[in-house]
Amino acid sequence: MLLLVLLLLATHTGILVSSSAKKSSINLTLKKSLVSKWTLPKNFIFVHVPKCAGSSFLAMARDMTTAANADIAWYPNNESHSWNAPGCLQGKSLKHVTHCGFHDLYGCFHDRKEMRNVSEYLPYNWHRDQDTRFVTVLREPVERVISEFFWWRRTCHHFIGVISNKLKVLTQFLQGDHVEGKYWQDELCKMAQALPDVSPNSIAKWVSSPFNNGANRMTKQFAMHSEKYESSADSCLAFSADRQAEFWPKMYNLDYEEGLEDAINNDTAFVYKTIHTIEMNFDFVAIQEQLQSSLRLLQYHLNIPQNTVYQDEVEKYKIHKKKGNTKNADIAKSDPNLRAVIQRHNRLDVILFEHFSSLFNETIRQVFGV
């Protein structure tokens, strides 16, 4: 059976995952390790989890495969942002169609009617006789959550008019209408005024809010739901605060104020199911903290000469990332109490990341001997 080649193992890797809900982490047993080169051509759909360096990774991966003339077709192509899904939902519109999860993208590419809309946005070298496979990049949960906090604070300030004077957006927000880019629950956005600083204490309050629908975002992004794909929707389930407010309470029979996010966070079976979904449908899962090794391993699987590992691009990314970090963000990341709070409220993402990070490191060891 083809199990994931996660940013690591080739498509013939076998993995056993413990389903014991009593365990806080997954015991990995690499049943066998047959690390091979891929057979081309391939169609890759990129799933962009917010704040995981998805744009940087996809840009470098596309550049690398293009420069090597590798027979790889990427969606979205280089004419679209890495977080958009052009042609999916709302026909040909790009509006609202951002950070779509696996559920949305899988449905889009397996819906014949929807595929007619997507067709004109596919790259010229898309192989219509080939199956589509998925690629993504993960990030250590504490780092990702803190990064989302700063993004949330900046974005939600716009919604409530603290920084921006966009009257139309403010009016829509106050009236409860759908606002383009409404990624968090209203109650969470209103905290942007109540938390004027970016201290570890403020971040911990935000993380602990019962309305924080950004908790366990990676696990939610890759989940495959039994609910039918809604091609008529105007936004992706994985990233629309409005759609999430309808979907998750129905799934758990709880509202946010009744502890919905805690219930999701304690649903160990949910993350095991999501891990299985990734292993069955993704060929490559990169690790943000090991970006250069990720690109190097991608080169290996694609049989691209290893003389160039895009060191310059990786260094530029590191410099850009360092400039983007504020002093407060660095302090927050080093605060052990805050780290514990984030890990406790993002338990599923911790399990998910540990699983694939361990598999990644094992694959690097087997392929490169390090």
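1. Some words on the overall build of the protein
When its secondary structure is counted, the protein shows 17 helices and six strands. Of all 370 residues assigned to the protein, the portion counted as buried reaches 56%. Long-range contacts, defined as pairs at least 24 residues apart, comprise 75% of the intrachain contacts of the protein with a sequence gap of at least 6. In the structure as shown, the protein presents an accessible area of about 16,700 Å², 49% of it carried by carbon and sulfur atoms.

2. Comments concerning the nonpolar core
Ranked by internal contacts, the top residues of the largest apolar core, which has 98 residues, are Phe57, Tyr75, Phe109, Leu138, Trp152, Phe222 and Leu352. Sort the elements by how many residues they give to this core and helix H17 (residues 347-368) lands first, with nine residues.

3. Details of the environment of Ile275
Inspection of the secondary structure assignment puts Ile275 in helix H12 (residues 268-281). With a relative accessible area of 0%, Ile275 lands in the buried category.

4. Here we look at the packing of H12 against H17
For any two helices packed against each other, the geometry comes down to the angle between their axes and how far apart the axes lie. Viewed as axis vectors pointing N to C, H12 and H17 meet at an angle of 35°, and their least axial separation amounts to 9 Å. Note on packing geometry: the crossing formed by H12 with H17 is right-handed. Contacts from Thr268, Phe270, Val271, Thr274, Ile275, Ile278 and Glu279 in H12 reach Arg347, Leu348, Ile351, Leu352, His355 and Phe356 in H17. Within the contact of H12 with H17, the residues separate by chemical class into eight nonpolar, three polar and two charged.

5. Concerning the packing of aromatic side chains
One pass over the full model with this rule turns up 25 aromatic pairs. Ring centres 5.3 Å apart and planes at 50° place the aromatic pair Phe44 and Trp74 in the tilted group. Placement of Phe44 in strand E3 (residues 42-47) and of Trp74 in strand E4 (residues 72-75) is noted, with a sequence separation of 30 residues between them. The class for Phe44 is buried, based on a relative accessible area of 0%. The class for Trp74 is buried, based on a relative accessible area of 5%.

6. Quick notes on helix H13 (residues 291-302)
Compared with the 16 Å implied by 1.5 Å per residue over 12 residues, the 17 Å span of H13 between its first and last C-alpha is a close match. Counting buried residues along H13, nine of its 12 residues qualify, which places the element largely inside the surrounding structure. Where H13 terminates, the next one or two residues include Asn303, which has phi positive at roughly 60°.

7. Points about the pairing of strand E5 (residues 132-138)
Of all seven residues in E5, six are buried; the element is thus mostly enclosed. For E3 and E5, the ladder comprises five bridges, and the chain directions are parallel. Its bridge partner lying in E5, Asn43 is registered against Thr132. Relative to strand E6 (residues 282-287), E5 runs parallel, the two being bridged by five bridges. When the sheet's bridge partners are listed, Leu138 is paired in E6 with Ile287.

What counts and what doesn't
In this numbering scheme, every chain counts its residues from 1 along its sequence in written order. The model is predicted, so local features are restricted to residues of pLDDT at least 70 and side-chain atom pairs to those at 80 or more, both for listing and for counting; the totals for chains, interfaces and linings are taken over all residues. With hydrogens and water set aside, each side-chain value is computed from the structure's full complement of heavy atoms. Here a strand is any run of E in DSSP of at least two residues, a helix any run of H or I of at least four, and the numbering for each starts at the N terminus. Per-residue accessibility, obtained with a 1.4 Å probe over protein chains only, is compared with the maximum for each type, and a residue is labelled buried under 20%, exposed over 50%, and partly exposed between these values. Any pair of residues with heavy atoms lying within 4.5 Å of one another is described as a contacting pair. Accessibility throughout is a Shrake-Rupley quantity obtained with a 1.4 Å probe, and a residue counts as covered only by protein chains that appear here. Residues grouped as a nonpolar core are buried Ala, Val, Leu, Ile, Met, Phe, Trp, Tyr and Cys residues, joined through side-chain atoms within 4.5 Å. All axes are obtained by fitting lines to C-alpha atoms, using only the stretch in contact for helices, and the reported angles, taken between N-to-C directions, cover 0 to 180 degrees. Note on convention: the crossing is left-handed when the near helix lies turned anticlockwise from the far helix by less than a right angle, right-handed when the turn is clockwise. When residue character is reported, Ala, Val, Leu, Ile, Met, Phe, Trp, Tyr, Cys and Pro are called nonpolar, Asp, Glu, Lys and Arg charged, and the others, Gly included, polar. Side-chain rings of Phe, Tyr and Trp (the six-membered ring for Trp) are treated as a pair once their centres are within 6.5 Å; stacked means planes under 30 degrees apart, edge-to-face means over 60, and tilted covers the remaining angles. In this scheme, a helix's expected span is set at 1.5 Å multiplied by one less than its residue total. Whether two strands pair comes down to DSSP finding at least two bridges between them.

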